[in-house]
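Structure assessment
Each chain, written out:
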Amino acid sequence: MRPDTPADHIAEAERLLRTAAQYPDDREPLLLRAAAHLELAGERTRATPLYDELLAADAAEPYLIKALKASNLWEYGHEAEARAIIEGIRAAGPLEPAPWQIAAETLESHDELESAHDFLSTALTLLLAPGEEVPYATQSLLIGRHRVRRLMGIDHDSWDDLTDTLHAAPVPLDELHDPKRLWSLGSSDPGELQAEITRLRAELGTYRTALSRPFPVAVLHWPEPELSELLAGYPTLRAEYPSHTEHLADLEAALRDLHSAGTPNLGIVTGTVPSYEAFAASEAASPSDPNLLPQYATTLAARGRAVPWPPARTAACWCGSGRAYRDCHGVA
């Protein structure tokens, strides 16, 4: 049953903390979920040490954790510290959308609209190259910026126009983000109430679409040393991976095919032999079974291990070559 009361959220947080102690490989996503439940229970002071613990342990996503920590701190009176963390995120310029989005939403929720707008504009300037297709994970930054500009009464610019083209719901974003729309809830006019119901249904449909894809559609990437170890231990998998070069080419081709077919929220997960062997043992299956590979990829994605694809053309390539994506697998 989904937790509904503070006691339920605390119980779920404690369960997640026990699970994290049992499964250290999944510690980061489990502690983040535990912190979220503590915040929902009103136990914000207990959530902050979890963020600190992750940051002290060289977290995989430090800027995301810092943004979550800042959001939590601001909610129980530590505004100055939260602002300092948010400014630190801006100065660092992470190349992932999530920290920018969480920090901007924190500013917006505290009526810091100009700061939120500047934050989102900075993020998009960094993450979105002119003429580049908007990655799935970056679209939320455009939508957030559109909403903030609507609240500020600012006319559309080119990014707002782009956001409108990405919005697939029947009710336009200008209506969904209209600051006056809530006034109609107090109206006795049936037409106005029906229009608001239609808008709310469209907004709910958008959220449901996003929630139906909580994890990316992910493909499995083996770094060259890991692939060599995998094939040395399980030679029958050579039919799946003739060579590391072919493996990388096959992954890129598969991702491009999925993308051209309209599949959103694509990602890449990186496998390791110990993790794969542990997964096989948990499934009571042999690591040499090729049917286990897609299940392993899905499990890694569900644990938050997926890196969104495609990266920006100027970003480092997903394959670990050290070159820019456009110079490695991308299109110049």
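First, a word on scope: everything that follows refers to the structure included in this document. Source: prediction; values computed, not measured.

The rules we used
- Residues numbered from 1 in each chain as written.
- Predicted model: local features only at pLDDT ≥ 70, side-chain atom pairs only at ≥ 80, totals over all residues.
- Heavy atoms only, no water.
- Helix = DSSP H or I, 4+ residues; strand = E, 2+ residues; numbered from the N terminus.
- Buried < 20%, exposed > 50% of the residue type's maximum accessible area, 1.4 Å probe, protein only.
- Contact = heavy atoms within 4.5 Å.
- Areas by Shrake-Rupley, 256 points an atom, 1.4 Å probe, with all protein chains shown as cover.
- Expected span 1.5 Å × (residues − 1).
- Lys, Arg positive; Asp, Glu negative; His and termini not counted.
- Salt bridge = Lys/Arg side-chain N within 4 Å of Asp/Glu carboxyl O.
- Polar contact = N/O pair within 3.5 Å; in protein donor to acceptor, adjacent residues only side chain to side chain.
- Pairing = 2+ DSSP bridges.
- Axes fitted to C-alpha atoms, helices over the stretch in contact; angles between N-to-C directions.
- Core = buried A, V, L, I, M, F, W, Y, C linked by side-chain atoms within 4.5 Å.

1. Focus: the overall build of the chain
Summing up its helical and strand segments, the chain has 16 helices and three strands in all. Looking at the chain as a whole, 39% of its 332 residues qualify as buried. Considering only intrachain contacts with a sequence separation of at least 6, the fraction spanning at least 24 residues in the chain is 56%. When the accessible surface of the chain is totalled, it reaches about 17600 Å², and 54% of it is carbon and sulfur.

2. Let's talk about the side chain of His221
Structurally, His221 is set in strand 1 (residues 217–221). Not counting chain neighbours up to four residues away, the residues in contact with His221 comprise His247, Leu248, Leu251, Ile268, Val269, Thr270, Gly271, Trp318 and Cys319.

3. A word on helix 7 (residues 113–127)
The terminal C-alpha atoms of helix 7 lie 21 Å apart, and with 15 residues this matches the ideal 21 Å at 1.5 Å per residue to within 8%. What helix 7 keeps buried is the set Ala116, His117, Phe119, Leu120, Ser121, Ala123, Leu124 and Leu127. The secondary structure elements touched by the buried residues of helix 7 are helix 5 (79–92), helix 6 (97–109), helix 8 (139–152) and helix 9 (158–166).

4. Side note on the side chain of Glu28
In this fold, Glu28 is placed in helix 2 (residues 27–40). Here Glu28 occupies a buried position and makes no salt bridge, while the nearest side chain of opposite charge, Arg27, is found at 7.0 Å. A polar atom in the side chain of Glu28 sits 2.8 Å from the backbone nitrogen of Ala60. Setting aside anything within four residues of it in sequence, one finds Glu28 in contact with Leu54, Ala59, Ala60, Glu61 and Ile65.

5. What to know about the sheet that holds strand 2 (residues 266–270)
Read from one edge of the open sheet, three strands run 1-2-3, paired in mixed fashion. The open sheet has two edge strands with one neighbour each: strand 1 and strand 3 (307–309). Taking the axes of each pair of neighbouring strands and ignoring which way they run, one obtains an average angle of 35 degrees across the sheet. Bridge count for strand 2 against strand 3 is three bridges, and the pairing is antiparallel. Across the sheet, the residue bridging to Gly267 is Pro308, located in strand 3. Set on the sheet, helix 15 (residues 292–302) makes contact with strand 1 and strand 2; between it and strand 1 the angle comes to about 115 degrees.

6. Topic: the pairing of strand 2
Of all five residues in strand 2, four are buried, a share of seventy percent or more. Sheet analysis places strand 1 next to strand 2, joined by five bridges and oriented parallel. Directly across from Val219, in strand 2, lies its bridge partner Ile268.

7. Digging into the nonpolar core
Within the largest apolar cluster, 25 residues are counted, with the highest numbers of intra-cluster contacts made by Ile86, Trp100, Leu107, Phe119 and Leu141. For this core, the elements supplying multiple residues, two or more each, are helix 4 (62–75), helix 5, helix 6, helix 7 and helix 8. Of all the elements, helix 7 adds the most residues to this core, at six residues. Not counting the four nearest positions on each side in its chain, Leu107 is found in contact with Trp74, Ile86, Glu112, Ser115, Ala116 and Phe119. Counting 21 residues, the second-largest nonpolar core is a separate cluster that includes Leu230, Leu292, Ala297 and Leu300.

8. A short note on the environment of Thr19
Position of Thr19 relative to the elements: it lies in helix 1 (residues 6–22). For the pair Thr19 and Leu31, spaced 12 residues apart in the sequence, the C-alpha separation amounts to 9.3 Å.

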